[in-house]
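One-letter residues, chain by chain:
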Amino acid sequence: QVQLIESGGGLVQAGGSLRLSCAASGRTFSNYAMGWFRQAPGKEREFVSGITYGGGTTYYADSVKGRFTISRDNAKNTVYLQMNSLKPEDTAVYYCATTTVNFIVVDASRYAYWGQGTQVTVSS
């Protein structure tokens, strides 16, 4: 059974920073691409960022490009999302997810396992 546990969410003022973590267990973590998604109230879940299993390739949604950085530590089975220059529109529940392929996909349906989510709230 695969488990993904996110942490690091919270309340921050606009312009601030947060670092999300996603700890994985249950199978070989390092073989597959990982992604971060978010879902704001009343909106669909959207892709935020992805990273290949080796960490050599990353991809970002235009809305977060230049502000967010994804990384992973396969020795710790953990993927991170460093979020800087946060805006009120970044407010959402953030989820990490793992694919069963080793390339980045933006379609949520291609992700096999999901964490429970962590709330990020950015005040203006």
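For the structure itself, consult the block above.
Residues numbered from 1 in each chain as written. Predicted model: local features only at pLDDT ≥ 70, side-chain atom pairs only at ≥ 80, totals over all residues. Heavy atoms only, no water.

A. Up close: the pattern of salt bridges. Per the counting criterion, the structure on display carries 4 salt bridges. Here Asp62 makes a salt bridge to Lys65, at a shortest N to O gap of 3.0 Å. Judged by its relative accessible area of 66%, Asp62 is exposed. Via salt bridges that share partners, Arg38, Glu46, Arg67 and Asp90 belong to a single interconnected network. (Salt bridge = Lys/Arg side-chain N within 4 Å of Asp/Glu carboxyl O. Buried < 20%, exposed > 50% of the residue type's maximum accessible area, 1.4 Å probe, protein only.)

B. Expanded view of the sheet that holds strand E3 (residues 18-25). Strand order in this open sheet of 4 strands is E1-E3-E8-E7, and the pairing throughout is antiparallel. A single partner strand is all that each edge strand has here, and the edge strands are strand E1 (3-7) and strand E7 (68-73). Strand after strand, the sheet turns through a mean of 15° between neighbouring axes, direction not considered. Pairing of E1 with E3, which is carried by 5 bridges, proceeds in the antiparallel orientation. For Ser7, the partnering residue across the bridge sits in E3 and is Ser21. (Pairing = 2+ DSSP bridges. Helix = DSSP H or I, 4+ residues; strand = E, 2+ residues; numbered from the N terminus. Axes fitted to C-alpha atoms, helices over the stretch in contact; angles between N-to-C directions.)

C. Molecular detail of the packing of aromatic side chains. Evaluated as defined, the whole model comprises 6 aromatic pairs. Ring centres of Phe37 and Trp114 lie 5.0 Å apart, and the angle between their planes is 55°; this geometry places the pair in the tilted category. A residue pair is termed long-range when its members are at least 10 positions apart, and Phe37 in strand E4 (residues 34-39) and Trp114 in strand E10 (residues 111-114) qualify at 77 residues. Relative to Tyr59, the ring of Phe47 lies with its centre 5.9 Å away and its plane at 35°, an arrangement referred to as tilted. Of this pair, Phe47 sits in strand E5 (residues 46-51) while Tyr59 sits in strand E6 (residues 58-60), and the two are 12 residues apart along the sequence. For Phe47, a relative accessible area of 11% gives the class buried. Here the guanidinium or amino end of Arg19 rests over the ring plane of Tyr80, the centre of that ring lying 4.0 Å away. Above the plane of the ring of Tyr95 lies Arg45, whose end atom (NZ or CZ) is 3.8 Å from the centre. (Phe/Tyr/Trp six-rings, centres within 6.5 Å; stacked < 30°, edge-to-face > 60°. Lys NZ or Arg CZ within 6 Å of the ring centre and 35° of its normal.)

D. The arrangement of the environment of Asp90 in detail. Its place among the elements puts Asp90 in the loop between strand E8 (78-83) and strand E9 (92-99). On the basis of relative accessible area, Asp90 is assigned to the buried category, the value being 1%. Spatially, the C-alpha atom of Asp90 lies 8.3 Å from that of Ala40, the residues being 50 residues apart in sequence. Contacts of Asp90, omitting those with residues within four sequence positions, involve Arg38, Arg67, Phe68, Ser85, Val120 and Val122. A distance of 2.9 Å separates the side chain of Asp90 from the side chain of Arg38, its partner in a polar contact. (Contact = heavy atoms within 4.5 Å. Polar contact = N/O pair within 3.5 Å; in protein donor to acceptor, adjacent residues only side chain to side chain.)

E. The arrangement of the state of the cysteines in detail. For the structure shown, the criterion picks out 1 disulfide. Two residues, Cys22 and Cys96, share a disulfide whose sulfurs are 1.9 Å apart. Taking the torsion about the S-S bond as the criterion, the Cys22 to Cys96 disulfide, at about 50°, is right-handed. On the criterion of sequence distance, the pair formed by Cys22 in strand E3 and Cys96 in strand E9 is long-range, its members being 74 residues apart. Here Cys22 matches Cys96 in class, with each residue buried. (Disulfide = S-S within 2.5 Å.)

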